[in-house]
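# Notes for the structure review
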Amino acid sequence: MSMLLETEALTVHFGGILANSDISISVNKGEILGLIGPNGAGKSTLFNLVAGTYRPTSGRIRFEGRDITPLPPAARCKLGIARTFQVVKSFETMSVLENVVVGALVRFTNTKAAREEAHRVLDVTGLSRRAEADARELTPPEKRRLEVARALATQPKLLLLDEVLTGLTPAEAQKGVELVRKIRDLGVTVVMVEHVMEVVMPLVDRAIVLDLGRVLVEGAPQAIVRDPKVIQAYLGDRFHA
Amino acid sequence: MATAFEIRRRNQLIIAAVVVAIMIALPLGIKDVYVQNILVLTVMYAALSQSWNILSGYCGQISLGHALYFGIGAYASTLLFVKFGVIPWFGMAAGGIIAAAIALIVGWPCFRLGGHYFTIATIVLAEIGLILFLNWDYSGAASGLQIPVSGDSWLTFTFLRSKLPYYYFALGLAAVVWLVTFFIEDSKWGYYWRAVRENTIAAQSLGVQVFRSKMAAAAVSAFFTAVGGSFYAQFVSYIDPDSVMVFQFSLLMALPAVLGGIGTLWGPALGAAVLIPLTELTRSYMGGGGKGIDLIFYGAVIMIIALARPEGLLSLVSRTRHAPP
Ligand SMILES: Nc1ncnc2c1ncn2[C@@H]1O[C@H](COP(=O)(O)OP(=O)(O)OP(=O)(O)O)[C@@H](O)[C@H]1O
Ligand SMILES: [Mg+2]
């Protein structure tokens, strides 16, 4: 199995907070990797570092063997890294279609071709019916779908999904799970942050658990859910929360 | 087969053609110079506000310093004409290019500033421009420059007997800037500018080069604003810093778009059609003592829009666009 993404001792501080500390992980081509951990563990921060939204205090990021640490977010997108935001960031006054066209334009300079691509992506993500609506008119679950659609339109090799299944009804979540499988089957490598273990664990090939900014354990999903360290981290979180 | 999108675009062009046809016919029966004057200013501000709208409406970088580019346009063509005998048609192009270049130089540091800081920087820069021109002897400093008007001529773009040639030029400029905006709307820049305006961080993550997008918007916007400035210089045939580079112009470029619908294709024209005649009528009603009245009037307009219709007048009529199927 070949490696798509590799982080080397990634570390970032925010003031006194060590949000990510010495994180060295790798993502294999074609897999669905689960990234889990209690609130504040540093999952979103790690996404922001990989996508280039945050700069690491120290450490390196390699994508397809190339050091991308100094590259800005737009350049990383061009190389094939796309992400969704935990707190959705739709282009509110633009239509759903236009939101997705923005993503497609990284691959197509011609707007007509980009629009056609955007329609295809809306089809895959089940948003076609809402293509002409303004993004601000969408329901919260639809907005999460739009986040995924926009990212997918950039034709990524690596897709980072930050809690796209959170806050959905079980039926909606099930549809989301199917969508993630479909995306992987299209050849996209997926890393997903999710809280609800019952939803993610059957879906992912491998999982990494973060706690207090560090990698706690890493392994097959079945082993992770029984790991005492993981149970401890989650229970500890519950006691403090 | 034409898609719904293409049909919508075609309809926009048809509406524009009809509006232009009406505007061509409009002044034909009007001999009153005062009314002609209002028509010229209305169409000119439609063009200027449309230019402002490119940077501030579409790309979301609110400028309150566009008087700088307006003044540069006015001075560039006038200086070239008065000092070197270059006809204003070339002077206009030169003014546009100089203004675009200055917008890029100014944008280099300013676009690293976020939100309100950017707006404040534009105000300050326009004031610096005003002070520089007030003290620059070559351009006549505070006493300004007079454009020699010998008679009616399209070559030197000066007319004594009628204001109609000015009107038709301003109308042509407004139509051109409208068309530029129309084509930009369905271009990569059009999508990128709106994405930058709506959410810069999300835009970046989708491959949008934010800084470059802002620079492009600023250059296009400044170019047409300066052409408008050159036009205005010809129209009034006498310029000084206080008559072409003051804050009031920056405000008058922003207000029609804000009133009509910021970041929309028709907002600036609609806003200008309402605001400029109202401003002129208020001004003449108040007589010579009404200088401060303008500002009170603008302030009232801003407050009314903010309270009653933040999306502008156009939103009263255009809610059909996103009707569900
Ligand atoms: N931009 C920032 N500025 C300051 N502190 C930050 C910033 N981003 C994250 N943090 C802090 O870093 C820590 C990790 O946050 P992060 O959002 O990565 O956690 P998370 O694992 O995604 O949590 P959650 O499950 O709640 O989304 C938290 O303490 C958070 O407050
Ligand atoms: Mg998070």
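You'll find the structure just up there.
Not measured: the values here are computed from a predicted model. (Residues numbered from 1 in each chain as written. Chains lettered and ligands numbered in written order. Predicted model: local features only at pLDDT ≥ 70, side-chain atom pairs only at ≥ 80, totals over all residues. Heavy atoms only, no water.)

### Side note on the overall build of chain A
- Within chain A, the secondary structure is distributed over nine helices and eleven strands.
- Relative to the 2.2 N^0.38 estimate, which gives 18 Å for 241 residues, the radius of gyration of chain A is 18 Å and therefore close to what a compact globule would have.
- Looking at the 241 residues of chain A, the share that counts as buried comes to 56%.
- Considering only contacts within chain A whose residues lie at least 6 apart along the sequence, 64% involve residues at least 24 apart.
- As displayed, chain A has an accessible area near 10100 Å², and 55% of this comes from carbon and sulfur atoms.
- Charge-centre separation for chain A: the mean point of 31 positive side chains lies 3 Å from the mean point of 28 negative side chains. (Helix = DSSP H or I, 4+ residues; strand = E, 2+ residues; numbered from the N terminus. Rg over C-alpha atoms; globule rule 2.2 N^0.38 Å. Buried < 20%, exposed > 50% of the residue type's maximum accessible area, 1.4 Å probe, protein only. Contact = heavy atoms within 4.5 Å. Areas by Shrake-Rupley, 256 points an atom, 1.4 Å probe, with all protein chains shown as cover. Lys, Arg positive; Asp, Glu negative; His and termini not counted. Charge placed at Lys NZ, Arg CZ, Asp CG, Glu CD.)

### Structural notes on the pattern of salt bridges
Residue and element names in this part refer to chain A.
- In the structure shown here, the tally under the stated rule is 19 salt bridges over all chains.
- For Glu142, the salt bridge goes to Arg129, with nearest N and O atoms at 4.0 Å. Here Arg129 lies in the loop between α4 (111–124) and α5 (140–153) and Glu142 lies in helix α5, a separation of 13 residues in the sequence.
- Using a relative accessible area of 63% as the deciding quantity, one classes Arg129 as exposed.
- Here the salt bridges do not stand alone but share partners, grouping Glu31, Arg206 and Glu218 into one network. (Salt bridge = Lys/Arg side-chain N within 4 Å of Asp/Glu carboxyl O.)

### A short note on unusual backbone geometry
Residues and elements named next belong to chain A.
- Phi at Asp22 is positive, roughly 55°, even though this residue is not glycine.
- With respect to the helices and strands, the residue Asp22 is situated in strand β2 (residues 17–23).
- A relative accessible area of 48% means that Asp22 is categorised as partly exposed.
- A positive phi is found at Glu64, a non-glycine position, where the angle reads about 50°.

### A word on the site of ligand 1
All names here are of chain A.
- Residues in contact with ligand 1 amount to 14 residues; listed here are only the nearest, Lys43, Ser44, Thr45, Gln86 and His195.
- A distance of 2.8 Å separates an oxygen atom of ligand 1 from a polar atom in the side chain of Ser44.
- Tyr54 is positioned with one of its side-chain polar atoms (N or O) 3.0 Å from a nitrogen atom of ligand 1.
- When ligand 1 is considered free in solution it has 640 Å² of accessible area, and contact with the protein chains removes 67% of it.
- Looking at the shell around ligand 1, the element that brings in the most residues is helix α1 (residues 43–51), giving three residues.
- Per-class residue counts for the shell around ligand 1 are five nonpolar, seven polar and two charged. (Near = heavy atom within 4 Å. Polar contact = N/O pair within 3.5 Å; in protein donor to acceptor, adjacent residues only side chain to side chain. Nonpolar A, V, L, I, M, F, W, Y, C, P; charged D, E, K, R; others polar.)

### A short note on the layout of surface pockets
Residues and elements named next belong to chain B.
- Approximately 570 Å³ is the volume attributed to the second largest pocket.
- Lining the second largest pocket are 24 residues, with Val19, Met23, Ala46, Trp266 and Ala269 positioned closest to its centre.
- Listed by contribution, the elements that provide at least two residues to the lining of the second largest pocket are α1 (4–25), α2 (33–58), α6 (164–185) and α12 (267–286).
- At seven residues, the largest contribution of residues to the lining of the second largest pocket is made by α2.
- In terms of residue class, the lining of the second largest pocket is built from 22 nonpolar, two polar and no charged. (1 Å grid on protein atoms, 1.4 Å probe; cavity = no way out; pocket = protein on both sides within 12 Å on 5 of 7 lines; lining within 4 Å. Points joined across faces, edges and corners; volume = space filled by probe spheres on them.)

### Digging into the sheet that holds strand β11 (residues 214–219) of chain A
All names here are of chain A.
- Strands sit in the order β7-β8-β9-β4-β10-β11 across an open sheet of six strands; the sheet is mixed. Across the chains shown, the open sheet's two edge strands, defined by having one partner strand only, are β7 (81–83) and β11. Across the sheet, the mean angle separating the axes of adjacent strands is 20° when strand polarity is ignored.
- Both strand β8 (residues 158–162) and strand β9 (residues 189–193) contribute to a ladder of five bridges, which runs parallel. Along β9, the bridge assignment pairs Asp162 with Val193.
- Helix-sheet contacts for helix α6 (residues 170–185) involve β4 (32–36), β8 and β9, and the interaxial angle to β9 is about 150°. (Pairing = 2+ DSSP bridges. Axes fitted to C-alpha atoms, helices over the stretch in contact; angles between N-to-C directions.)

### What to know about the packing of α4 of chain A against α5 of chain A
Residues and elements named next belong to chain A.
- Two numbers describe how α4 lies on α5: the axes approach to 9 Å, and their chain directions differ by 135°. As the angle between them shows, α4 and α5 are arranged oblique. For the pair α4 and α5, the sense of crossing is right-handed. Where α4 abuts α5, its residues Val121, Leu122 and Val124 lie against Ala149, Leu152 and Ala153.
- A class-by-class count of the residues in the contact of α4 with α5 yields six nonpolar, no polar and no charged. (Parallel < 35°, antiparallel > 145°, perpendicular 65-115°, else oblique. Left-handed = near helix turned anticlockwise from the far one by under 90°.)

### Some remarks on the coordination of the magnesium ion (ligand 2)
All names here are of chain A.
- Around the magnesium ion (ligand 2), the protein contributes the donor atoms Ser44 (OG) and Gln86 (OE1), which lie 2.0 Å from the metal centre. A residue pair is termed long-range when its members are at least 10 positions apart, and Ser44 in helix α1 and Gln86 in the loop between β7 and α3 (96–104) qualify at 42 residues.
- Its relative accessible area of 21% is what places Ser44 among the partly exposed residues.
- Residue Gln86 is classed as partly exposed on the basis of its relative accessible area of 35%. (Donors = N, O, S within 2.8 Å, 3.2 Å for Na, K, Ca; no water.)

### A few points about the packing of α5 of chain A against α6 of chain A
Residue and element names in this part refer to chain A.
- The N-to-C vectors of α5 and α6 enclose an angle of 5°; their axes lie 12 Å apart at closest approach. The angle between α5 and α6 places the two elements in the roughly parallel class. In contact with Pro141, Arg145, Val148 and Leu152 of α5, α6 contributes Glu172, Lys175, Gly176, Leu179 and Ile183.
- Considered class by class, the residues forming the contact of α5 with α6 number five nonpolar, one polar and three charged.

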